[in-house]
Structures are given as structure tokens and as C-alpha cells.
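One letter stands for each residue in the lines below.
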Amino acid sequence: MLLDRRLQLFVVLAGVFVTSLVVGDIIGVKLFEAKVGPVVAVMSIGMLPFPVTFLLTDILNEFYGKKAARFVTWVGFFMAIFAFIVIGIAVQVPWAPLTRANDYTGTVENAFNNVFGGSQRILVASMIAYLVGQFCDIAIFNGLKRLTRNRLLWVRATGSTLVSQLIDTVVVQYVAWTGVLPNSTIVSIIYTSYVVKLLVAVGLTPFIYLGHAFVERKLGIAPVVLGENGEPLAPPAPPATPAEQSRAA
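These figures come from a predicted structure and were not determined experimentally.

Q: Go over the packing of helix 1 (residues 5-26) against helix 2 (residues 50-64), please, and point to the residues and values.
A: The geometry of helix 1 relative to helix 2 is characterised by a closest axis approach of 9 Å and an angle of 160 degrees between their N-to-C directions. Between helix 1 and helix 2, the interaxial angle falls into the category roughly antiparallel. Regarding helix 1 and helix 2, the two cross each other, and that crossing is left-handed. Of the residues in helix 2, those touching helix 1 at Arg-6, Leu-9, Phe-10, Leu-13, Val-16, Phe-17, Ser-20, Leu-21, Gly-24 and Asp-25 are Phe-50, Val-52, Thr-53, Leu-56, Thr-57, Ile-59, Leu-60, Phe-63 and Tyr-64. The residue makeup of the contact of helix 1 with helix 2, split by class, is 13 nonpolar, four polar and two charged.

In C-alpha cells form, the structure reads like this:
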């Protein structure tokens, strides 16, 4: 199998995407405070790698089209489910008796279970929000690219992320906390979380341009060009080699 640069880049982008998603779910049990002016938001550290998934989705959409971006989204979803199945089995496997000794200095059962035996409801909420948010991001990015006639990268990159992050935030908080927290508290969490995500999304815009320039200029991979119907145009055929020209003659 020939691994040309275009295929190599796709594998790397998909690998980083899946890693960011799974790691974000695993470390999501840690909470931290984010101060936005006078507002103090308590958020999951899992949001640290999640913006990377939206950044990579935009790059995949830009250079491989929406079908490739959707494919990687589904792969990430099922790999996250697979990871949590494995973790769930690991939590249930009995611990060795030596780990209960007073002089044992390694990881103990309670610490392991507190980290990896996270709330199933939070998992369900994050997975639903992930799918909804990612597919909205892909659709909006593709639509804006078509409307702007393949120009104004910052418009489709920032616009798609802002809308998809809002949808992601609303879905995950309502699914996770409805019936557990008052609606006013849920709305407050949505507001503060989205403000932080908004700042992150705007901050990521230069990285979209850097990634675009690196892929196009250094790797020699051209972005997908959309036609009037919103579907990628077929790339022009490469010129025939002298050997091919002689055979045709």
C-alpha cells in the first residue's frame, strides 16, 4: 500500500482526534475554576483537549471534505465507547491482595475507581453532545464554505465552532444535570462554560490558518474546492507522463 502524504496526514489527524476525545473523557473527572472577569466558572478539565477535536474537524473538512470528517467523528465515538468498556471491565477485575497492605505505595482501589469509575450519566451526556456538536460543526463549516465560495477561512472556521460549541454546551449540561440541579444553576453553568469556550474558539483561529498554510504549502496538499451543489469538485487529472503518452500513441 502506498502511503502518500495525503493519506499519511489523514491518519495523523484521525489519530490525534481520537486521542484528544478519549483523553478528554478520561481526565474529565477533574474540576477547575476559570475566571472570566467577575464570573468564576467551575469546569471539567476535559474541556482542555476537546477544542482540539473541533480544530481538527475543520482541517479534515477543509482538506478531505465533510464525508471524511463525519467518518472520523464516528470512529472517535466508537473508540471512546470501546475505551470505556475496557475501563469498566478493568474496574470490576478484583485487586491483588498485596495492594491492601499498609506498606503498599502503588495505586490503591479507591483512588483507581474514583478516577476511572466515573458517572455513566456524564458519559452519556458527553457522547450525545459530542455527536450533535461535531455534526453541526461539519455541516455549518461546509455550508459557510459554499456560501463564501471557498474563501474567508476564518468565517467558516470560527462560525462553525461558535455555533457547534454552543449546541455542545447546552446538550451536555441539560442531559447531565436535569433533575439533579435547578434550571437556574444549569443555565448559569451553560453561560459561564460557553464564554470560556468562546474565548478558546477565537484563540484557536490563528492555529487554523497555521495548519492550513502548513498542509497546503509544506505538504503540497490542496484543500477541497466545493462546487455550486456543495459537493467537492474532482481535482484536475495530473499531466500524462512521457511513457503514458507513448502508450496512448
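Structure shown, so let's carry the discussion forward.
Q: Let's hear about the UniProt feature "transmembrane region" (unreviewed entry) in the chain: which residues, and what values?
A: In the numbering used here, UniProt assigns the feature "transmembrane region" (unreviewed entry) to residues 7-27, 39-59, 71-95, 122-141, 153-177 and 189-210. Between the end C-alpha atoms of residues 7-27 there is a gap of 30 Å, over a span that is 95% helix and 0% strand. In residues 189-210, the share of helix is 100% and the share of strand is 0%. The end C-alpha atoms are 32 Å apart.

Q: Could you give me a rundown of the packing of aromatic side chains, with the residues and numbers involved?
A: Overall, the coordinates contain seven aromatic pairs when judged by the stated rule. With a centroid separation of 5.9 Å and 25 degrees between ring planes, the pair formed by Trp-74 and Phe-78 is classed as stacked. One end of the pair, Trp-74, and the other, Phe-78, are both in helix 3 (residues 66-92), four residues apart, so they sit about a helical turn from each other. What makes Trp-74 partly exposed here is its relative accessible area of 38%. Among the aromatic side chains, those forming a connected cluster through ring pairs are Trp-74, Phe-77, Phe-78 and Phe-135. The residue whose ring lies beneath Arg-6 is Tyr-64, and the NZ or CZ to ring-centre distance is 4.7 Å.

Q: Kindly report on the confidence of the model for the chain, identifying the contributing residues and their values.
A: Residue-level pLDDT values for the chain average 77, and 85% of them are 70 or greater. Summarising per-element confidence for the chain, the mean pLDDT is lowest in helix 8 (residues 242-248) (53) and highest in helix 3 (88). Within the model, pLDDT remains below 50 along residues 236-240, and this stretch shows one contact once partners closer than five positions in the same chain are excluded.

Q: Please give an account of empty space enclosed by the protein that cites residues and values.
A: What the rule picks out here adds up to two cavities of 30 Å³ or more. In this structure, the largest cavity spans a volume of roughly 70 Å³. If you trace the largest cavity, you find it lined by Pro-51, Phe-54, Leu-55, Asp-58, Ala-157, Thr-158, Thr-161, Ala-201, Leu-204, Thr-205 and Ile-208. Those elements that provide at least two residues to the lining of the largest cavity are helix 2, helix 6 (153-177) and helix 7 (183-218). Grouping the amino acids of the lining of the largest cavity by side-chain chemistry returns seven nonpolar, three polar and one charged. If you add up the space inside the second largest cavity, you get close to 40 Å³. Asp-58, Ile-59, Glu-62, Phe-63, Phe-141, Leu-153, Ile-208 and His-212 are the residues that line the second largest cavity. Looking at the lining of the second largest cavity, the elements that each hand over two or more residues are helix 2 and helix 7. The biggest single contributor to the lining of the second largest cavity is helix 2, with four residues. Residue composition of the lining of the second largest cavity, grouped by class: five nonpolar, one polar and two charged.

Q: Would you mind going over the environment of Gly-203 in detail, with residue names and values included?
A: You can see Gly-203 is positioned in helix 7. Take Gly-203: its relative accessible area is 38%, and that puts it in the partly exposed class. Separated by 45 residues in sequence, Gly-203 and Thr-158 place their C-alpha atoms 9.6 Å apart.

Rules used throughout
- Residues numbered from 1 in each chain as written.
- Predicted model: local features only at pLDDT ≥ 70, side-chain atom pairs only at ≥ 80, totals over all residues.
- Heavy atoms only, no water.
- Axes fitted to C-alpha atoms, helices over the stretch in contact; angles between N-to-C directions.
- Helix = DSSP H or I, 4+ residues; strand = E, 2+ residues; numbered from the N terminus.
- Parallel < 35°, antiparallel > 145°, perpendicular 65-115°, else oblique.
- Left-handed = near helix turned anticlockwise from the far one by under 90°.
- Contact = heavy atoms within 4.5 Å.
- Nonpolar A, V, L, I, M, F, W, Y, C, P; charged D, E, K, R; others polar.
- UniProt positions renumbered as here; feature names shortened; annotations may be inferred.
- Phe/Tyr/Trp six-rings, centres within 6.5 Å; stacked < 30°, edge-to-face > 60°.
- Buried < 20%, exposed > 50% of the residue type's maximum accessible area, 1.4 Å probe, protein only.
- Lys NZ or Arg CZ within 6 Å of the ring centre and 35° of its normal.
- pLDDT = per-residue confidence, 0-100.
- 1 Å grid on protein atoms, 1.4 Å probe; cavity = no way out; pocket = protein on both sides within 12 Å on 5 of 7 lines; lining within 4 Å.
- Points joined across faces, edges and corners; volume = space filled by probe spheres on them.

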